[in-house]
Each structure stands twice: as C-alpha cells, then as structure tokens.
Amino acid sequence: MDELLEQILRECAPYTKEGALANYIPELAKADPNDFGIFIMSSDGRTNRTGDCHKPFTIQSIVKPILLLQALMDNGIEEVRRHVGVEATGKPFDAINYSDQSLLSDHLNPMVNMGAICMCTLIKGDTYQEKFERLLQLTRRLAGNDSICLNETVYRSEKATGSKNRALAYLLKTYGMIRDDVEEVLDCYFRACSIQVCCADLARIGFVLANHGRLPISGERVFPSEYASYVNAILMTCGMYDGSGEFAVKVGVPAKSGVGGGIMAVVPTRMGIGIYSPALDGKGNSVAGIKALETLSQRLYLSIF
Ligand code: GLU
C-alpha cells in the first residue's frame, strides 16, 4: 500500500500546479502550493502514508461535519433538523440562499457557511468560548491527537477579513435563525475553521465516520451509528461544495474538502483518508487531492456505487 501511495503521489504531483491558493483569507495564500501528502487509516488498524502527511494546515470547511456531529450529540437528529436541513444547495459554500424573500431552516445546508454558522449556536455551552472548546475537544478525541489546537494567525486573518460571513450571519439573525450575539457566534465559527490539523488527523476522523462512530483500535464508541450514517449521507451529496455530483461519479465516497487544501474521505467500513494539497480549483477543492482520490478509488475499488 505504501508503494501504491507513493506512486499516486508521483502521478498526481503535476496537478498541484493546476490550482491556485485560496487568497480571500490572506493567511491561506502563504501556503506552499507544492505540499502534497496522503494518510490512510484502515479498519485492520494499519496506517499508510506518503509525502507531507504531517504538515499542519487549517481544517476550514472540514470542521463542518464535526460541527454537525457535535450538534447531533448535543441535541439529537430531530432538534438539529429543526435548524438545518439536508438538501444540497448546488451553490458555492458562501452563497446567500436568498432567492424568494424568505429563508427557511430547511434550506440551510450544514456543509455550507450559513448552515455551519447556525450550527455553532446548537453546541451546548454557557459561552461561545466554551462551545468552541467542546468542539475542539471532540476534534482531538476523533483524531486521537490531544495536541490539535487553534492556528491563531489564520483565525485573526479570517476574523479581520470575513465580511461575507458576517453578511451571512446577520441575514440569519434577521430571519430569527440565530438569536445570540452575531459577533460571538461568528467568533466561534472563525475559530472552528482555524483548527490546525494534518492528513493523519483527517484520516483518523474519517475513519471514525467509516467505523460507525467507533474509534480505531480501542473500538470505543464516540457517537451512535445513526449519526455516522446521517453525516456520511450529507457528505456524499454536498461535502465537495458544488462539485459533489462530479466527485460522487468519479470517486464515489463521502468526503469533505476545505479551502485550506485538505480533504477528508470516508470509505464506509474500510478506511479514513486524509489528503493535503493547497492548490484549489474554482470551487474550492484541492485539484491534486481530488485526482489522488480518483486514482485511489479506481485502484482499490473504493466507490460505494
Ligand atoms: N473559513 C472558510 C470560510 O468560511 C471556510 C470555507 C471553506 O473551507 O469552504 O470562508
């Protein structure tokens, strides 16, 4: 397997030149576009890796499935469904879902920004600092890595420039879909996106989703199996932004990407995969990362379809 990964890394490396670094969050534009790493955690407990798989980057949108898990663990499916729906928007992650003078909770998708901002309010905790700490703890537990922490520089960079997310959050407030102080909710969201991880962390988190909510090796249950099915189904239909259909056809597994260049893929019952390559396509997905997953899926028959 290590050999296969090395071969895929070599074959797909030229694609790192085809994308562009995200620059709307100034700090993200400082990444090295040549970085490329893959990490796999398999159900037999084996791990395989290649390239820059321990290089740190910010989780960005890949925190959305973790936010959804935390919201589900704190409130259950029924209550979460009262606030965010499950239908794909088919629109970019920061789109304003505002076409007919109304905004309904069923239109909020948890894998795009509006839904994610709304989910921050669903985490239990007396303060937004406490809510964020609980989310961070869950991330550490799923990844089996207590040293995961916030990247302060990226957090400050996003907070200073996040006008679009502010606009989205105020729109949510206008329609009564968030009740708390908008700046506090946003602060939690910006921090959540700035959690620093590496491919190994993403592979382990993906593995727990692939393993019906149980940690690798110990088998300890973190969340009920039905939450894994719920989150994986949503990842399948909208985890790769408005490129999710194409990804379903070409790769065929639930996955989530982030503008930091990471992708977390979930191969139900088999493995979790973490990939990092920060050069993105126009939709915000890592170009080389998608290519690597496509190749991996063909060689290992990963598609669930
Ligand atoms: N922090 C980013 C934003 O809200 C996350 C976007 C993403 O990774 O898709 O703009």
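Novice: Looking at this structure, how should I read the overall build of the chain?
Specialist: Tallying secondary structure elements over the chain gives 11 helices and seven strands in all. Taking 305 residues into account, the globule formula puts the C-alpha radius of gyration at 19 Å, and the chain, at 18 Å, falls close to it. On the principal axes, the C-alpha backbone points of the chain span a range of 55 × 40 × 35 Å. In the chain, which comprises 305 residues, the proportion classed as buried is 58%. When contacts within the chain are restricted to residue pairs at least 6 apart in sequence, long-range pairs at least 24 apart make up 68% of them. For the chain, the exposed surface amounts to about 12,100 Å²; the carbon and sulfur share of it is 50%.

Novice: Would you take a moment to explain the site of the ligand for this structure?
Specialist: Of all residues adjacent to the ligand, which total 13 residues, the nearest are Gln60, Ser61, Glu158, Tyr189 and Tyr241. Separating an oxygen atom of the ligand from a side-chain N or O atom of Tyr24 is a distance of 2.6 Å. With the chains in place, 99% of the 300 Å² that the ligand exposes on its own is no longer accessible. Partitioned by chemical class, the residues of the shell around the ligand number seven nonpolar, five polar and one charged.

Novice: Would you take a moment to explain the environment of Asp242 for this structure?
Specialist: Structurally, the position occupied by Asp242 is in the loop between helix H9 (225-238) and helix H10 (244-250). Residues Asp242 and Gly284, 42 residues apart in the sequence, show an inter-C-alpha distance of 9.2 Å. Aside from chain neighbours lying at most four places away, what touches Asp242 is Gly90, Lys91, Pro92 and Lys283.

Novice: What's the story with the side chain of Asp201 in this structure? I'm lost.
Specialist: Mapped onto the fold, Asp201 is located in helix H8 (residues 199-210). Notably, Asp201 is buried but unbridged: the nearest opposite-charge side chain belongs to Arg204, and the N-O separation is 4.4 Å. A polar side-chain atom of Asp201 sits 3.0 Å from the main-chain amide nitrogen of Cys198. Setting aside its immediate chain neighbours within four residues, Asp201 contacts Ala143, Asn145 and Ile148.

Novice: Looking at this structure, I do not really get the pattern of salt bridges. What am I missing?
Specialist: If the charged atoms of two oppositely charged side chains come close together, the side chains can form a pair. In the structure shown here, the tally under the stated rule is 13 salt bridges. With its nearest N and O atoms 2.7 Å apart, the salt bridge here joins Arg82 to Glu79. With a relative accessible area of 56%, Arg82 lands in the exposed category. We note a salt bridge from Lys291 to Glu294, for which the minimum N-O separation is 3.6 Å. Highlighted residues: Lys291 and Glu294, both in helix H11 (residues 287-300), separated by three residues, approximately one helical turn. A relative accessible area of 26% places Lys291 in the partly exposed class. On the basis of relative accessible area, Glu294 is assigned to the buried category, the value being 12%.

Novice: Hey, could you run me through the environment of Tyr227 in this one?
Specialist: Here Tyr227 lies in helix H9. Residue class for Tyr227 comes out buried when judged on its relative accessible area of 11%. Linking Tyr227 and Thr58, residues 169 residues apart in sequence, is a C-alpha distance of 25 Å. In this structure, Tyr227 is in contact with Leu69, Leu72, Met73, Gly76 and Ile77, ignoring residues within four places of it in sequence.

Novice: What is the right way to look at the packing of aromatic side chains in this model?
Specialist: The description of two aromatic rings rests on the distance between their centres and on the angle between their planes. A full pass over the atoms with the stated rule returns two aromatic pairs. The interplanar angle of 0° and the centroid separation of 4.2 Å between the aromatic rings of Phe57 and Tyr276 together place this pair among those described as stacked. On the criterion of sequence distance, the pair formed by Phe57 in strand S3 (residues 57-58) and Tyr276 in strand S7 (residues 271-276) is long-range, its members being 219 residues apart. Tyr276 matches Phe57 in its accessibility class, with the two residues each being buried. Taking 6.0 Å as the distance between ring centres and 55° as the angle between the ring planes, the aromatic pair formed by Tyr189 and Phe190 counts as tilted. Taken as a pair, Tyr189 and Phe190 share a single burial class, namely buried. One Lys or Arg, Lys131, reaches over the ring of Tyr128 and ends 4.8 Å from the middle of that ring. In this arrangement the basic side chain of Lys256 is found over the ring face of Tyr241, its NZ or CZ atom lying 4.3 Å from the centre.

What counts, and where the lines are drawn
Residues numbered from 1 in each chain as written. Predicted model: local features only at pLDDT ≥ 70, side-chain atom pairs only at ≥ 80, totals over all residues. Heavy atoms only, no water. Helix = DSSP H or I, 4+ residues; strand = E, 2+ residues; numbered from the N terminus. Rg over C-alpha atoms; globule rule 2.2 N^0.38 Å. Buried < 20%, exposed > 50% of the residue type's maximum accessible area, 1.4 Å probe, protein only. Contact = heavy atoms within 4.5 Å. Areas by Shrake-Rupley, 256 points an atom, 1.4 Å probe, with all protein chains shown as cover. Near = heavy atom within 4 Å. Polar contact = N/O pair within 3.5 Å; in protein donor to acceptor, adjacent residues only side chain to side chain. Nonpolar A, V, L, I, M, F, W, Y, C, P; charged D, E, K, R; others polar. Lys, Arg positive; Asp, Glu negative; His and termini not counted. Salt bridge = Lys/Arg side-chain N within 4 Å of Asp/Glu carboxyl O. Phe/Tyr/Trp six-rings, centres within 6.5 Å; stacked < 30°, edge-to-face > 60°. Lys NZ or Arg CZ within 6 Å of the ring centre and 35° of its normal.

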